[in-house]
Amino acid sequence: MTLDPRIASEVVDACAAAIVLVGVLIVATRSIGRSIWLVALQSVFVGLAAVATGLANGVGHLAVGGVLAIGMKGVVVPLVLGSILRRSAVRRERRPLLAPRYALVLAVAIVFVATAAADGVAPGAGVASSRALPAAIAEVLTGLLVVMTRRKALSLVVGLLVFENGIALTAFSLTYGMPLVVELGVLFDVLIAVVVAWIYARRMLDVFGTTSTDSLRSLRG
Amino acid sequence: MTELLVVLVVGTPVAAGIAAWFTDARLCPRLALAGLGPAVVAGIALAVLVFVSGPQRAFEGLVAVDAFGAYALLLVLVVATIAAAGSPAYLAHEAAAGALRQRDSGHYYALLAWFVAGLAAVPLVDNLGLVWVGIEATTIVSALLVGFRRTAQAIEAAWKYLILGSIGVGFALLGTLLVYASSVGVLGETSDALAWTRLIEVAPRLDPSFVRLAFVFALAGYGTKAGLAPFHTWLPDAHSQAPSPISALLSGAALAVSLYALARFHLVTAGTLGAGFSATLLVVFGLLSLAVALPFLVAQGDLKRLLAYSSIEHVGLATLALGFGGHLALLGFTLHLASHGLAKSTVFLAAGRLVAERGSHRIGRLTGSLARSPANGRALLVAALVLAGLPPSGIFAAELAILFGGVETGWTLAAGLAALLLALAVAGLLFHVVRVTAGPAGSVGEPGVAGLGRGPAPAAIAHALLLAVPLAVVVVAGLWTPSPVKAALEQVVGILGGGGG
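So, a few notes on the structure that sits alongside this text.

Calculation rules
- Residues numbered from 1 in each chain as written.
- Chains lettered and ligands numbered in written order.
- Predicted model: local features only at pLDDT ≥ 70, side-chain atom pairs only at ≥ 80, totals over all residues.
- Heavy atoms only, no water.
- Helix = DSSP H or I, 4+ residues; strand = E, 2+ residues; numbered from the N terminus.
- Contact = heavy atoms within 4.5 Å.
- Buried area = accessible area lost by both parts, 1.4 Å probe.
- Nonpolar A, V, L, I, M, F, W, Y, C, P; charged D, E, K, R; others polar.
- Axes fitted to C-alpha atoms, helices over the stretch in contact; angles between N-to-C directions.
- Parallel < 35°, antiparallel > 145°, perpendicular 65-115°, else oblique.
- Buried < 20%, exposed > 50% of the residue type's maximum accessible area, 1.4 Å probe, protein only.

So, the environment of B:Ala256
All names here are of chain B. Within the secondary structure layout, alanine 256 lies in helix H10 (residues 244-273). As for alanine 256 and alanine 338, which are separated by 82 residues in sequence, their C-alpha atoms are 8.6 Å apart. In this structure, alanine 256 is in contact with Leu75 and Leu337, ignoring residues within four places of it in sequence.

In structure tokens form, the structure reads like this:
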């Protein structure tokens, strides 16, 4: 099964645009439930872009990795996160370290900076899209922004996933992804990391009665 | 042969872990031993094979062990043995304090076995991508161990470790990707393009701009895992809140494995760009770690945090040695890695017992340890003298070699600064440890837990031996190195780029 490279290139461009847009929406929302589904949607776009690139260039393992990523990060991970959200009383980022309206300005600035930064880097020969690398850099930075400005445990996990999406997108905007054995390992690690985060979020609920990381302030010096 | 040994080293702990997860408290220590025992024996056999008959390859090139890998593997397995041997007493204490749930000890041994399997796998694989997978896997498993006690503080430490560790390791993944991007044109789209044995061969032909960026990301990523300042903030929390045998593994083995990964990146980068770029970064971050750890060593009120900051100091020193390069400094690096691993894992076990007897981490509450609990008190004191770098010990010899090596390779100013920072750190570390050890015994803390450090006679003797043997090895290493060991160290130094000395 192959795909016309021109169509693939357009698919990847569209996915890159969607990924950046979803990243901005994640920064904009205070609802944790919405951010979980947004990051799942973003992961699906990343996976689609991988599948399109893989099919267009006959790189089978990239397409396989993309399909697996859609299943794992688009379906399994949000279900795991959703289940902890349902037990928790915390549904919204009430007092983030930086209000979304300011964070939004930063998120847009990040998109510009990423576009400028990616300008100088020549993508690997034959890689379908020139839009993917700026989007990748933007999502790595957006993920860091979310992790640094939010306080709730689940929001931090969402930030980590945005960061991971950025790295995954970097992987096939520079090259055709990584060897399959590495990609499988990475996906597996991400899944286990989310499960462990889920375990700790539950323990936080038991011990502190909340999943707000505000209560995590006793270790100093 | 090599295949079988590799399967034993990594496979048996994984399998034993799975078995321990599902069994009850009485069986699981034996299961864990049943998994770790063969792994340790096979690991030693594999290392000897490598040192005697050269690098080994297996599984179609996926596994490649050279002298440096074998050395790291040995260190991991020795520290794992110390940690596993200290675990039954730790769990017995937790059980006596009523802090264990029914399945907790099974889970503890399972996670311990998986942690060791992950640490042991990293120096075996010939693929920077799989090195990353292994290190991330150890982060996740050990995060569960850090929060094992389920107290508010342990959960806080584990959470910070998980989030900061994942972000840090994410940067390392970016670094790995960039290496792949730099080499895919040279080596083609196979897993060869991430094999460090191949990367070092073709290093001069890699794309330099990608490699430069890759090293920066790898330094941030594996530097986070190794506890290099300014990425170290999770370390004192995790190492102090984890169960003490786990602290021993984290400080003694996990840091060394992260340094191993960093060293591989350094070797590839130096091959592409010349030694200057990555060496300078290593020296800068090494010195920064020494400087950042110092105030926390001097003004510290918590015994386990004191030891954790000492780990940051020593990781800084090791990084500095890698940056200095040259035969002498690299010999120091090699000797330091093992000496620190042994001394730090032992001291965490001793400190863990003292803390358990007293029910507090606070230095002010722990005074009089020598009188109250002679074996642990003595071990703590000796280990602190060793860790402070006083002669005679492997760490003293290593520090001298590193500093003189730095002068030799032209890093005079950096070596001088490091010497000053190390000397100041001695004062901080020893001041607090002397406070803990000296003084009258005082009353023993919780009644039900009292005397656990002494216990029945055979267990007490075993515990004293567990503390004394590794420390004795470190002390003797400063005076006398048997010639096979010397030859092995020289092989490691040769791989790290200090050959011919």
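Remarks on the interface of chain A and chain B
Contact with chain A, which involves 42 residues of that partner, is made by 46 residues of chain B. Taking both partners together, chain A and chain B bury about 3,800 Å²; carbon and sulfur atoms supply 77% of that area. Of all residues in chain A, the largest losses of buried area upon contact with chain B belong to A:Asp189, A:Tyr200 and A:Leu219, amounting jointly to 18% of the total for that side. Within the residue set of the side of chain A that touches chain B, elements represented by two or more residues are helix H5 (132-149), helix H6 (153-174) and helix H7 (180-208) of chain A. With 15 residues, H7(A) is the largest single contributor of residues to the side of chain A that touches chain B. Classifying every residue of the side of chain A that touches chain B by side-chain character gives 31 nonpolar, seven polar and four charged.

Quick look at the packing of helix H2 (residues 28-53) of chain B against helix H4 (residues 104-121) of chain B
Residue and element names in this part refer to chain B. Contact geometry for H2 and H4: axes closest at 9 Å, N-to-C directions at 10°. Considering the angle they form, H2 stands roughly parallel to H4. Residues Cys28, Pro29, Ala32 and Leu36 of H2 pack against Ser105, Gly106, Tyr109 and Val116 of H4.

A closer look at the environment of B:Trp196
All names here are of chain B. By secondary structure assignment, the location of tryptophan 196 is in helix H7 (residues 196-202). For tryptophan 196, a relative accessible area of 3% puts it in the buried group. Separated by 91 residues in sequence, tryptophan 196 and leucine 287 have C-alpha atoms that sit 27 Å apart. Non-local contacts of tryptophan 196, meaning those with residues more than four positions away in its chain, are made with Ala64, Asp66, Val125, Asp126, Asn127, Leu128, Tyr260 and Arg264.

Things to note about unusual backbone geometry
Residues and elements named next belong to chain B. Between alanine 229 and the following residue, proline 230, the backbone shows a cis peptide bond with an omega angle of 0°. Examined against the element boundaries, proline 230 turns out to sit in the loop between helix H8 (208-226) and helix H9 (234-241). Cis rather than trans, the peptide bond between proline 391 and proline 392 has omega equal to -5°. If you trace the backbone, proline 392 turns up in the loop between helix H15 (374-387) and helix H16 (394-408). Located in the positive-phi region is glutamate 60, a residue other than glycine, with phi close to 50°. With respect to the helices and strands, the residue glutamate 60 is situated in the loop between strand S1 (56-58) and strand S2 (63-65). Looking at glutamate 60, the relative accessible area reads 86%, which means it is exposed. Even without glycine at this site, arginine 150 takes up a positive phi of about 60°. Along the chain, arginine 150 turns up in the loop between helix H5 (128-146) and helix H6 (152-187). Overall, the relative accessible area of 25% leaves arginine 150 in the partly exposed class.

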